[in-house]
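Results of the structural survey
Take a look at the letters that make up each chain.
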Amino acid sequence: MTETSTHPTAGVHPAATTRPSAPAGDAELVGAAVAAAGRGMIDRETVAEVVTLCAVAGEHLLVVGAPGTAKSEAVRRVAGQLGGRYFEYLLGRFTEPNELFGPVDLRRLREGRVEFETAGMLPEADIAFLDEVFLGSTAVLNTLLGLLNERVFRRGGTVLASPLRVCVGAANHLPDDPALAAFADRFLARVFVEPVADARLEELLEAGRRPAADPAHPGDLLGAVDRLAAAARTCDLDEVTPLLAAALRRLRGAGVPVSDRRAVRSQKLVAAAAVLDGRSSASARDLWVLPLIAPTADTQALARDTLADLIEKAANRSLVHAAEELSRSTAARAERLARAGTALLAEHRGLPGGRDSRLRMEAALREIDAGFDPADLPAALAGIRAELVAAVAPS
């Protein structure tokens with residue numbers, strides 16, 4: 001392909017145009033999809049949610065963790081829920097550019113023109129996952145850098161506007177080579193994953209025995225993502241700008257490296273968090289995204305501690321796990337527990353009397369009671385707790 005296309009709508013289901021308008025209605029749809037993607041994945045819901053955050057923000061994500069920690073599975077599930085064209089590849093030292101970007105178009109070559117056939121390759125993907133992303137050759141990374149920066153693929157005589165919403169790069173560890181620093185900086189958000197904790201191994205084993213659920217409506221939510229992205233670009237940031245500036249000054253003062261470019265681009269994550277929470281104006285509730293821009297696991301922990309009082313009320317209705325993990329706020333915990341309780345109640349009503357359902361509701365009640373004093377229980381969560389108590393009570 002050689003034509004320069006406009007921003008995509010490929011892969012969007014026709015029904016997407018009749019759904020509720022952004023941000024509230026689309027946020028609800030996308031939130032339900034990302035929740036479905038994370039269901040059955042133990043301790044990887046945050047990865048799935050941050051992929052979605054970055055897709056709306058128009059930024060890229062780097063996931064760092066040991067092999068076998070389900071990095072690719074989380075991205076694959078999100079792509080399956082949101083739909084569109086998905087591209088995945090494992091890079092190595094000897095990966096050729098053609099393996100990612102497509103081969104030379106032989107028909108055009110016979111005419112004396114060097115162009116590339118990109119069908120089914122990275123330049124035409126809506127969501128992409130590149131494993132061991134730092135192992136790519138200079139030729140691969142240079143071409144990839146332009147694609148990530150501008151969403152335009154340029155090689156030979158081929159110039160193609162890419163529909164790429166988000167590229168997720170994965171690595172076992174951050175690179176030591178300073179020459180890779182500029183490339184790594186193109187991934188604004190970073191998530192660091194560890195193997196599942198020993199205390200949750202039973203859950204991991206049980207989840208591994210269950211087949212992954214297929215997406216209920218694959219391919220019909222990219223329109224919602226695009227509408228949310230458009231809403232994020234016009235999101236009102238006036239109220240949050242002084243708080244954001246204060247937060248960034250704190251991070252720099254604490255020794256968290258934040259370049260001017262990353263500081264400016266952090267606003268896109270804040271705006272995306274706001275629209276995914278169903279709002280057209282950002283507030284302090286959205287500052288939980290800031291630890292994502294810290295470059296290492298240690299500086300992310302430092303960022304979370306440094307901003308503790310600024311993000312103590314942060315939460316997000318669509319990205320409940322990510323907001324809680326990055327803010328450690330009680331409001332975010334209440335959002336997550338409310339969503340989990342609502343899902344359990346819905347499942348229980350569909351399958352009344354199920355022993356497994358009852359045990360999980362009892363576990364949810366224990367977590368609510370361990371996390372909140374009765375006097376401090378938010379009203380919405382109190383109502384869900386009452387319904388859970390009634391559901392597990394002997395009949």
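Residues numbered from 1 in each chain as written. Predicted model: local features only at pLDDT ≥ 70, side-chain atom pairs only at ≥ 80, totals over all residues. Heavy atoms only, no water.

1. Some thoughts on the overall build of the protein
Counting secondary structure elements, the protein contains 16 helices and 7 strands. Here the protein, with 395 residues, has 49% of them falling under the buried criterion. In the protein, the share of contacts with a sequence separation of at least 24, taken over all contacts with a separation of at least 6, comes to 74%. Put simply, the protein shows about 18100 Å² of open surface, and 56% of that area lies on carbon and sulfur atoms. (Helix = DSSP H or I, 4+ residues; strand = E, 2+ residues; numbered from the N terminus. Buried < 20%, exposed > 50% of the residue type's maximum accessible area, 1.4 Å probe, protein only. Contact = heavy atoms within 4.5 Å. Areas by Shrake-Rupley, 256 points an atom, 1.4 Å probe, with all protein chains shown as cover.)

2. Notes on the packing of aromatic side chains
A complete count under the given rule lists 4 aromatic pairs for this structure. Judged by centre distance (5.5 Å) and plane angle (20°), the rings of F101 and F153 are stacked. A residue pair is termed long-range when its members are at least 10 positions apart, and F101 in helix 4 (residues 97-101) and F153 in strand 4 (residues 152-155) qualify at 52 residues. F101 sits in the buried class, given a relative accessible area of 0%. Residue class for F153 comes out buried when judged on its relative accessible area of 0%. With a centroid separation of 5.6 Å and 80° between ring planes, the pair formed by F183 and F187 is classed as edge-to-face. Each member of the pair, F183 together with F187, is buried. (Phe/Tyr/Trp six-rings, centres within 6.5 Å; stacked < 30°, edge-to-face > 60°.)

3. Some points on the nonpolar core
By size, the foremost hydrophobic cluster in this structure holds 74 residues, and its most contacted members are L53, L61 and W288. Leave out the neighbours within four places in its chain, and L61 touches V47, V50, V51, C54, V166, C167, V168, G169, F187, A189, R190 and V191. Within the second largest apolar cluster, 27 residues are counted, among which are L100, F101, L144 and C167. (Core = buried A, V, L, I, M, F, W, Y, C linked by side-chain atoms within 4.5 Å.)

4. What about the sheet that holds strand 3 (residues 127-131)?
Taken in spatial order, the 5 strands make up an open sheet running 2-3-6-1-7, and their pairing is parallel. Each end of this open sheet is capped by a strand with a single partner; those strands are strand 2 (86-90) and strand 7 (189-192). If you compare each strand with its neighbour and ignore which way they point, the axes differ by 15° on average. Sitting on the sheet, helix 2 (residues 45-57) is in contact with strand 1 (61-64), strand 6 (166-171) and strand 7, with an inclination near 160° to strand 1. (Pairing = 2+ DSSP bridges. Axes fitted to C-alpha atoms, helices over the stretch in contact; angles between N-to-C directions.)

5. Side note on the pattern of salt bridges
Tallied over the entire structure, the rule returns 25 salt bridges. The partner of R336 in a salt bridge is E367, with the nearest N and O atoms 2.6 Å apart. In this pair, R336 sits in helix 14 (residues 330-350) while E367 sits in helix 15 (residues 355-371), placing the two residues 31 residues apart along the sequence. A network of salt bridges, in which partner residues are shared, links D277, R279, R285, D286, R317 and E335. (Salt bridge = Lys/Arg side-chain N within 4 Å of Asp/Glu carboxyl O.)

6. Observations concerning the confidence of the model for the protein
Summing up the model confidence of the protein, the mean pLDDT is 86 and the portion of residues at 70 or higher is 90%. Within the model, pLDDT remains below 50 along residues 1-21, and this stretch shows 43 contacts once partners closer than five positions in the same chain are excluded. (pLDDT = per-residue confidence, 0-100.)

7. Quick word on unusual backbone geometry
For residues that are not glycine, phi is negative in most cases, and the peptide bond is trans in most cases. The residue E132 is not glycine, and still its phi comes out positive at about 50°. If you trace the backbone, E132 turns up in the loop between strand 3 and helix 6 (138-150). When its relative accessible area of 18% is taken as the criterion, E132 is described as buried.

8. Brief notes about the environment of R249
By the element assignment, R249 lies in helix 10 (residues 241-253). Overall, the relative accessible area of 58% leaves R249 in the exposed class. A sequence separation of 14 residues divides R249 from A263, and the C-alpha atoms of the two residues are 9.9 Å apart.

9. Concerning the pairing of strand 3
The buried fraction of strand 3 amounts to 4 of the 5 residues, a majority that puts the element mostly inside the structure. Two strands pair when backbone bridges link them, and strand 2 and strand 3 are joined in this way by 5 bridges, in the parallel orientation. Within the sheet, the bridge partner assigned to F87 lies in strand 3 and is A128.

10. Looking at the environment of S162
Looking at where S162 falls in the secondary structure, it is placed in the loop between strand 5 (158-161) and strand 6. Classification of S162 as buried rests on a relative accessible area of 5%. As for S162 and E124, which are separated by 38 residues in sequence, their C-alpha atoms are 5.7 Å apart. Among all residues touching S162, those that are not within four sequence positions of it are L122, P123, A125, L147, R151 and V152.

11. Brief notes about helix 3 (residues 71-82)
Along an α-helix, a turn takes 3.6 residues, which lines up residues three or four apart on a common side. Across its 12 residues, helix 3 extends 17 Å between first and last C-alpha, which sits within 8% of the 16 Å expected from 1.5 Å per residue. Every buried residue of helix 3 is listed here: K71, A74, V75, V78, A79, Q81 and L82. Around the axis of helix 3, the buried residues are gathered within 165° of arc, so they sit on the same side. Once helix 3 ends, the next one or two residues include G83, with phi positive near 90°. (Expected span 1.5 Å × (residues − 1). Arc of directions from axis to C-beta.)

12. Some points on the side chain of H60
Relative to the elements of secondary structure, H60 occurs in the loop between helix 2 and strand 1. Excluding anything up to four places from it in sequence, H60 contacts C54, L148, R151, L164, V166, C167, R186, F187, L188 and A189.

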